[in-house]
Amino acid sequence: MKKAILLTTGALALVVAAGAAWWSAKPVPAPESTFVLLDGSSKSSASLKGQVTLVNFWATSCTTCVAEMPKVIATYQKYHAKGFNTMAVAMSYDPPAYVVNFAQTRQLPFQVAIDNTGSVAKAWGDVQLTPTTYLVNKQGQIVKRYIGEPDFNELQQLIEKLLIET
């Protein structure tokens, strides 16, 4: 019985690893979606083209999301002047007042969207787990997906590589 469980767990790990490798090896177009920003304006995913963008699905109730936010801010500040952007997308279950308060008290320097209908999370692969982060290249293609906190050293190396691409 234990051997069967170990084999099943191992097989599942291989499937997950293969899926992760696929995301990092084969860029796919970012899905069409509209981000509704805290100021009420909208931005389409098509507008991400021309810059490298981190799209971070998060929630104020997610302890990992809150813990990683200073690293997300530092990454944005390090690369923004070079053509890097960040879009933080709050999940539909996150109360808008909490999101606004978080963005203001933490002085988030990048755009924050509220996905109040869940349509953006659905379009981006039915995101359920937070944080889930996508790195989008200048052509508007997803080149990497992270579930959980990214390895920020690896992430920054990939951002640097993507920023020099034409």
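Criteria and thresholds
- Residues numbered from 1 in each chain as written.
- Predicted model: local features only at pLDDT ≥ 70, side-chain atom pairs only at ≥ 80, totals over all residues.
- Heavy atoms only, no water.
- Helix = DSSP H or I, 4+ residues; strand = E, 2+ residues; numbered from the N terminus.
- Buried < 20%, exposed > 50% of the residue type's maximum accessible area, 1.4 Å probe, protein only.
- Contact = heavy atoms within 4.5 Å.
- Areas by Shrake-Rupley, 256 points an atom, 1.4 Å probe, with all protein chains shown as cover.
- Core = buried A, V, L, I, M, F, W, Y, C linked by side-chain atoms within 4.5 Å.
- Phe/Tyr/Trp six-rings, centres within 6.5 Å; stacked < 30°, edge-to-face > 60°.

## Some words on the overall build of the protein chain
Looking only at helices and strands, the protein chain features five helices and eight strands. Looking at the protein chain residue by residue over its 166 residues, the buried ones come to 44%. Partitioning the contacts of the protein chain with sequence separation of at least 6, the portion at a separation of at least 24 is 71%. Working note: accessible area of the protein chain is about 9000 Å², and carbon and sulfur atoms make up 59% of it.

## A short note on the nonpolar core
The biggest cluster of nonpolar side chains holds 48 residues, and the ones touching the most others in it are Phe 35, Val 55, Phe 57, Trp 124 and Leu 135. Setting aside residues up to four positions removed in sequence, Val 55 forms contacts with Phe 35, Leu 48, Met 87, Val 89, Trp 124, Thr 132, Thr 133, Tyr 134 and Val 136.

## Structural notes on the side chain of Asn 56
On the secondary structure map, Asn 56 appears in strand E4 (residues 52-58). Excluding its chain neighbours within four sequence positions, the residues that come into contact with Asn 56 are Glu 68, Met 69, Met 87, Ala 88, Val 89, Pro 131, Thr 132 and Thr 133.

## Looking at the packing of aromatic side chains
Tallying each qualifying case throughout the model produces seven aromatic pairs. With centroids separated by 6.1 Å and ring planes inclined at 80 degrees, the aromatic side chains of Phe 57 and Tyr 134 adopt a geometry described as edge-to-face. Placement of Phe 57 in strand E4 and of Tyr 134 in strand E7 (residues 132-136) is noted, with a sequence separation of 77 residues between them. A relative accessible area of 0% places Phe 57 in the buried class. The structure contains a cluster of three or more aromatic residues connected by ring pairs, namely Phe 35, Phe 57, Trp 124 and Tyr 134.

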